[in-house]
Protein chains: 2
Amino acid sequence: MSVYTRVETADVAAFLKDYAVGDLLDLQGIADGIENTNYFVTTSGGRFVLTLFERHADVELEYFLELMVTLADHGLACPRPIMADDGGYLRRLAERPAALVERLSGRAITEPTVEQCAAVGGALGRIHRIGRHVHRRRANERGPAWWRFTADALAGTVPADVSALLDQEIAFQAALDTTRLPRGVIHADLFRDNVLFDNGRLTGVIDFYAACNDILLYDVAICLNDWCIAPDGDFDDARARAFLAAYAGNRPWAADETAALPAMLRAAALRFWLSRLYDLHFPRAGEITHVKDPAHFERILRRRIAAPGRALAILPD
Amino acid sequence: MSVYTRVETADVAAFLKDYAVGDLLDLQGIADGIENTNYFVTTSGGRFVLTLFERHADVELEYFLELMVTLADHGLACPRPIMADDGGYLRRLAERPAALVERLSGRAITEPTVEQCAAVGGALGRIHRIGRHVHRRRANERGPAWWRFTADALAGTVPADVSALLDQEIAFQAALDTTRLPRGVIHADLFRDNVLFDNGRLTGVIDFYAACNDILLYDVAICLNDWCIAPDGDFDDARARAFLAAYAGNRPWAADETAALPAMLRAAALRFWLSRLYDLHFPRAGEITHVKDPAHFERILRRRIAAPGRALAILPD
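Within each chain, residues carry numbers counting from 1 in the order of the written sequence. Both sets of labels track the order of writing: A upward for chains, 1 upward for ligands. Where totals are concerned, whole chains, interfaces and linings use all residues; where local detail is concerned, this predicted model gives features only for residues with pLDDT of at least 70, and gives and counts side-chain atom pairs only at 80 or more. Side-chain measures were taken over the full set of non-hydrogen atoms in the model, leaving aside hydrogen atoms and water.

## Digging into the sheet that holds strand 5 (residues 96–102) of chain B
All names here are of chain B. Rule in force here: Should DSSP find at least two bridges between two strands, the strands are regarded as paired. We count a stretch as a helix when DSSP gives it H or I for four or more residues in a row; a strand needs E for two or more, and each element gets its number in order from the N terminus. Convention adopted: a line fitted to C-alpha atoms gives each axis, helices being fitted over their contacting stretch, and angles between N-to-C directions are expressed from 0 to 180 degrees.
Here 5 strands make up an open sheet; going across it, the order is 1-2-3-5-4 and the pairing antiparallel. If you trace the sheet from one side to the other, it starts and ends with strand 1 (24–29) and strand 4 (91–93), each paired once. Averaged over all pairs of adjacent strands, the angle between strand axes in this sheet comes to 35 degrees, irrespective of strand direction. Relative to strand 5, strand 3 (residues 46–52) runs antiparallel, the two being bridged by 5 bridges. The residue bridging F48 from the neighbouring strand is E102, located in strand 5.

And the structure:
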């Protein structure tokens with residue numbers, strides 16, 4: 001569920017007085033999302049999403065909001081944060097940090113076409129290109145230190161062969177030299193549920209609340225492992241090639257990235273395997289969570305390890 | 001016509017390289033508009049309008065663009081200018097200043113409902129409220145000095161009774177004390193062709209290229225004279241009251257504005273009567289213009305002069 005914090009109509013109406021968006025007409029809790037409380041807000045001036053942030057520090061929220069503003073400034077389809085009368089984006093409601101953002105049309109899809117993968121690849125390339133204009137920085141809180149912490153926490157709870165594979169993969173990743181790979185702002189969670197389409201047209205990239213500064217190719221790998229695979233975890237060549245070609249059209253591929261792609265695909269699988277294992281074995285108290293199957297990313301990781309050359313076949317000519 | 005300047009696909013594709021909007025897919029000239037050249041631009045990243053400015057100085061264009069950016073920042077539905085890679089909004093194409101803005105859905109309506117008039121009144125109130133955050137300033141180039149210039153230019157061309165009424169109205173306006181009326185950023189041309197609706201919902205206020213700093217009530221009067229009248233020029237009470245109530249909900253009415261409304265309605269009628277007379281009698285060479293009937297605003301002006309108390313009846317209780 002995503003409405004952790006209930007707010008009353010009168011409180012939201014008062015909150016909106018500091019914005020030039022007109023009067024509150026309707027307020028609806030949104031049942032999606034995992035970490036924040038979201039409401040659809042309809043006013044006489046437009047349609048918005050109100051988010052109450054449940055766990056992030058203000059300094060992180062300022063990063064996410066600067067990123068979303070910058071992306072929207074440069075024309076990316078994403079929810080623009082609405083500026084309050086005082087010129088800021090981050091305010092407080094119900095004792096939580098809160099922001100009002102544009103509500104976009106469209107909905108997430110589950111079976112992407114080649115054209116939709118191209119649209120997402122283009123959008124990711126634009127995010128990486130526009131990200132150069134973001135001044136704030138944020139570390140990846142799901143990086144190698146978190147991998148090690150999480151694998152240790154799971155040891156003894158998960159089977160020994162799982163722990164062994166986690167240790168082996170963390171060691172493999174630690175031995176890589178990634179210093180020559182381009183870095184910048186990454187979305188870090190650009191799965192199918194975070195892109196909206198309306199009549200086949202990409203209308204919005206959403207949920208920037210995992211964004212951080214990290215290796216750009218890692219973000220590409222996260223997407224390839226979700227958008228461009230067959231049910232068995234192998235790549236769908238047509239979708240993968242369309243994704244990568246559209247990506248490179250917006251953020252040109254660097255020389256060292258081709259050779260690094262197989263390892264980044266493994267890193268991306270490792271990261272989501274770990275978080276799914278952790279959520280399964282250590283569910284957060286009081287949450288009605290939709291636990292996602294960790295074995296999905298275990299299969300992907302094992303497949304990427306077994307066939308490292310497979311990634312080279314999906315690169316566009 | 002509005003495509004004064006033809007641009008080639010290759011030139012626009014090159015122009016777009018300085019934006020993070022993807023590759024050009026389609027380019028279509030737009031047949032609306034009077035003063036600028038407009039193209040619909042579809043890219044792999046979205047849908048935009050490209051405007052080549054035919055007559056404004058850069059300092060004026062910077063004002064319009066700052067205004068549109070500020071309005072969009074605060075959540076008003078209007079075409080957001082897209083930021084180029086260098087952080088600017090104003091660039092050059094075909095030896096003209098040019099800007100890329102968001103393309104909105106919806107279309108203009110000719111027969112507004114009470115609800116649509118309320119939506120426009122609310123939007124105008126929000127424009128006036130948000131306008132306080134605009135730092136640049138621009139004088140009204142269609143103000144009293146231009147009224148006098150234009151009436152003098154028309155003298156001898158238009159009938160003597162028309163010249164006499166123009167002179168009389170200019171003198172009446174000159175004698176008014178407007179120093180206590182709130183001023184700020186006004187749209188100055190918020191006619192029915194400059195508001196888009198989609199399924200009854202206001203999706204955009206467009207064409208900010210007459211915006212300037214002037215009396216806010218004058219902007220209200222321009223709208224009342226267009227959105228809230230019956231075919232004979234008299235007010236439609238329901239639409240006018242809905243417009244004014246929604247307006248005041250966003251930008252509260254000041255004490256002196258009620259008494260000044262009849263005179264501002266006359267000023268607004270005078271201004272558009274003058275420009276229509278001028279366009280009729282001094283058409284610009286080489287333009288295929290849709291000359292609008294000046295007599296429409298002559299009738300409105302005469303009606304507003306004859307029944308100054310009528311305006312008080314349309315004020316909400």
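## Concerning the environment of R137 of chain A
Just so we agree on the cut-off: The contact rule is simple, with two residues in contact once any of their heavy atoms fall within 4.5 Å.
When you line up the elements, R137 of chain A lands in the loop between helix 3 (114–130) and helix 4 (144–154). Every residue in contact with R137 of chain A, bar those within four places of it in the chain, is listed here: Y63 and N213 of chain A.

## A word on the relation of the copies chain B and chain A
Mapping between the two copies of the chain is achieved by a rotation about an axis and a shift along the axis. Definition in use: Copy-to-copy superposition: least squares on the C-alpha atoms, limited to residues that have pLDDT of at least 70 in both copies.
Overlay of chain B on chain A (RMSD 0.0 Å): rotation 180 degrees, translation along the axis 0.0 Å. These values place the two chain copies in the arrangement generated by a two-fold rotation axis. Every residue of chain B has its C-alpha some distance from the rotation axis, and the shortest such distance is that of D73 of chain B, at 4.6 Å. Interface residue correspondence from chain B to chain A reaches 100%, placing this contact among same-surface, isologous pairings.

## Quick notes on unusual backbone geometry
Residues and elements named next belong to chain B. Stated precisely, the cut-off is as follows: Burial classes follow relative accessibility: with a 1.4 Å probe on protein chains only, a residue under 20% of its type's maximum area counts as buried, one over 50% as exposed, and anything between as partly exposed.
With a phi close to 75 degrees, A188 is a non-glycine residue in the positive phi region. Along the polypeptide, A188 turns up in the loop between strand 6 (183–186) and strand 7 (195–198). Exposure remark for A188: the relative accessible area of 8% places this residue in the buried category. Look at N199: it is not a glycine, yet its phi comes out positive at around 55 degrees. For N199, the position within the fold is in the loop between strand 7 and strand 8 (201–205).

## Considering the interface of chain B and chain A
To keep things clear, this is the line we draw: Summed over both partners, the accessible surface that disappears when two parts come together, traced with a 1.4 Å probe, is what is meant by buried area. A carboxyl oxygen of Asp or Glu within 4 Å of a side-chain nitrogen of Lys or Arg is what we treat as a salt bridge. N or O atoms within 3.5 Å of each other form a polar contact, as long as, within protein, one can give a hydrogen and the other can take it, and as long as residues adjacent in sequence are counted only when both atoms are side-chain atoms.
Of the residues lining the interface, 27 residues belong to chain B; the matching set on chain A comes to 27 residues. Summing both sides of the interface, chain B and chain A together bury roughly 2200 Å²; the carbon and sulfur share of this comes to 41%. When the buried area of chain B at its contact with chain A is split by residue, A20, H74 and R129 of chain B rank highest and sum to 25% of it. Between R80 of chain B and D73 of chain A there is a salt bridge, with its nearest N and O atoms 3.2 Å apart. Along the contact surface separating chain B from chain A lie 13 residue pairs in polar contact (both at pLDDT 80 or more). Among the secondary structure elements, those contributing two or more residues to the side of chain B that touches chain A are strand 3, helix 2 (58–73) and helix 3 (114–130) of chain B. For the side of chain B that touches chain A, the leading source of residues is helix 3 of chain B, giving 3 residues.

## Some details on the domain arrangement of chain A
Residue and element names in this part refer to chain A. Test applied: Segmentation of the chain into domains, including their bounds, is taken from an automatic or database domain assignment. When residue character is reported, Ala, Val, Leu, Ile, Met, Phe, Trp, Tyr, Cys and Pro are called nonpolar, Asp, Glu, Lys and Arg charged, and the others, Gly included, polar.
Domain assignment breaks chain A into domain 1 (9–102) and domain 2 (114–314). Interface area, domain 1 with domain 2, both sides summed: about 2100 Å², of which 65% is carbon and sulfur. For the pair domain 1 and domain 2, the interface holds 3 salt bridges. Here E66 makes a salt bridge to R136, at a shortest N to O gap of 3.0 Å. In this assembly, domain 1 and domain 2 are joined by 8 residue pairs in polar contact (both at pLDDT 80 or more). The leading source of residues in the side of domain 1 that touches domain 2 is helix 2 (residues 58–73), at 9 residues. Residues of the side of domain 1 that touches domain 2, tallied by class, amount to 11 nonpolar, 5 polar and 5 charged.

## Comments concerning the packing of aromatic side chains
Aromatic ring pairs are reported here in terms of the distance separating the ring centres and the angle at which the planes meet. Basically, it comes down to this: For Phe, Tyr and Trp, where Trp contributes only its six-membered ring, two rings pair if their centres lie within 6.5 Å, and the inter-plane angle classes them as stacked under 30 degrees, edge-to-face over 60, or tilted in between. Put simply, a charge is over a ring when the Lys NZ or the Arg CZ is close to the ring centre, within 6 Å, and near the line of the ring normal, within 35 degrees.
Applying the stated criterion across every chain yields a total of 20 aromatic pairs over all chains. A centroid spacing of 6.0 Å and a plane angle of 75 degrees characterise the contact between Y63 of chain B and F64 of chain B, whose relative ring orientation is edge-to-face. Each member of the pair, Y63 of chain B as well as F64 of chain B, carries the same accessibility label: buried. Cluster of aromatic residues (ring-pair linked, three or more members): F53, Y63, F64 and Y209 of chain A. Residue placement shows R304 of chain A over the ring face of F235 of chain A; its charged tip is 4.0 Å from the ring centre. Across from the ring centre of F172 of chain B, 3.6 Å away, lies the NZ or CZ of R266 of chain B, which sits over that ring.

## With respect to the packing of helix 5 (residues 160–174) of chain B against helix 9 (residues 294–306) of chain B
All names here are of chain B. The condition that has to hold: Note that the term roughly parallel is reserved for angles under 35 degrees, roughly antiparallel for angles over 145, roughly perpendicular for angles of 65 to 115, and oblique for everything else. If you view the pair so one helix is near and one far, a crossing is left-handed when the near helix is turned anticlockwise from the far one by less than a right angle, and right-handed when it is turned clockwise.
Axis separation between helix 5 and helix 9 bottoms out at 12 Å; the angle between their running directions is 55 degrees. In this view, helix 5 runs oblique relative to helix 9, as classed from their interaxial angle. In the crossing of helix 5 with helix 9, the sense of the turn from one axis to the other is left-handed. Taken together, the residues of helix 9 that come into contact with helix 5 (itself represented by D161, V162, L165 and E169) are E298, L301, R302 and I305. Grouping the amino acids of the contact of helix 5 with helix 9 by side-chain chemistry returns 4 nonpolar, no polar and 4 charged.

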